[in-house]
Amino acid sequence: MKPLLSLLLLASLSACGLRPVYSGGSQGAVAQALGRVEVQPIEGKGGWLVRNALNDRLAAMSGTGPGYKLVVKLDDNISGFGLRSDAAVTRERRTLRARYQLIDGATGAQILDDTAGSDVGIDVVSSEYATIAAEDTALERLSQTIADQIVARLARFATRDGSQDKPR
């Protein structure tokens, strides 16, 4: 009875229409499309970190030459919100938001305009050096998260854009 139930469950999952985004591996349509994305320079330290993270993720894909340009603009903000009785800040929130646009390299047409963002809490301690180090570490983590969000969105776009078979 259990094997029959397992087969029925397996068959129902295959009928739901879900497919792996990166089917075909590095030779698949999504990997080919992502491999053709050229990340434009991004201003600031956060921009340098996000661009490197994006290039690391996109370099693993195989594509023939840049076909798209990815333009990213960042908004990096640190705000204090925990206060002691002497009005000293005890907690900060670092927020990193990215607005990104995917531009067709051949026509110059904007084909995707979206945002990504994340935030993190930081403890403010008595050592200014430790607080600055925590803020830098937070920026590094946020840059990785933003890059993951952008690449995931580009992959979803590539599956819907006809780079892969249309969903049935």
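The structure this text deals with has already been given above.
Below: a short report on this structure. Computed from a predicted structure; not experimentally measured. (Residues numbered from 1 in each chain as written. Predicted model: local features only at pLDDT ≥ 70, side-chain atom pairs only at ≥ 80, totals over all residues. Heavy atoms only, no water.)

**Digging into helix 3 (residues 44–59)**
One turn of the α-helix equals 3.6 residues, which is why residues spaced by three or four share an orientation. Under the 1.5 Å per step criterion, the end-to-end length of helix 3 is 22 Å for 16 residues, consistent within 8% with the ideal 22 Å. Listed in full, the buried residues belonging to helix 3 are G46, G47, L49, V50, A53, L54, R57 and L58. Buried residues of helix 3, viewed axially, fall in a sector of 165 degrees; they line one side. Projecting away from the buried face of helix 3 at angles above 90 degrees are the exposed residues W48, D56 and A59. (Helix = DSSP H or I, 4+ residues; strand = E, 2+ residues; numbered from the N terminus. Expected span 1.5 Å × (residues − 1). Buried < 20%, exposed > 50% of the residue type's maximum accessible area, 1.4 Å probe, protein only. Arc of directions from axis to C-beta.)

**A few points about the pattern of salt bridges**
Evaluation of the coordinates by the stated rule reveals 7 salt bridges. For R91, the salt bridge identified is with D123, shortest N-O distance 2.6 Å. A residue pair is termed long-range when its members are at least 10 positions apart, and R91 in strand 3 (residues 89–104) and D123 in strand 4 (residues 110–123) qualify at 32 residues. Note on R91: relative accessible area 30%, which makes it partly exposed. With relative accessibility at 48%, the residue D123 sits in the partly exposed group. Notably, a salt bridge pairs R93 with D119, separated by 3.8 Å at the nearest N-O pair. You can see R93 sitting in strand 3 and its partner D119 sitting in strand 4, a full 26 residues away along the chain. (Salt bridge = Lys/Arg side-chain N within 4 Å of Asp/Glu carboxyl O.)

**Structural notes on the sheet that holds strand 4**
Strand order in the open sheet made by the 4 strands is 1-2-3-4, with mixed pairing throughout. In this open sheet, the two strands that pair with only one neighbour each are strand 1 (37–39) and strand 4. The mean angle between the axes of side-by-side strands here comes to 25 degrees, regardless of whether they run parallel or antiparallel. One ladder, built from 3 bridges, connects strand 1 with strand 2 (residues 68–83); its direction is parallel. Following the sheet pairing, V37 is matched in strand 2 by Y68. (Pairing = 2+ DSSP bridges. Axes fitted to C-alpha atoms, helices over the stretch in contact; angles between N-to-C directions.)

**Digging into the environment of D136**
Summarising the element assignment, D136 is placed in helix 4 (residues 128–160). Given a relative accessible area of 28%, D136 falls into the partly exposed group. On a C-alpha basis, the gap between D136 and G46 in space is 9.4 Å, while along the polypeptide they are 90 residues apart.

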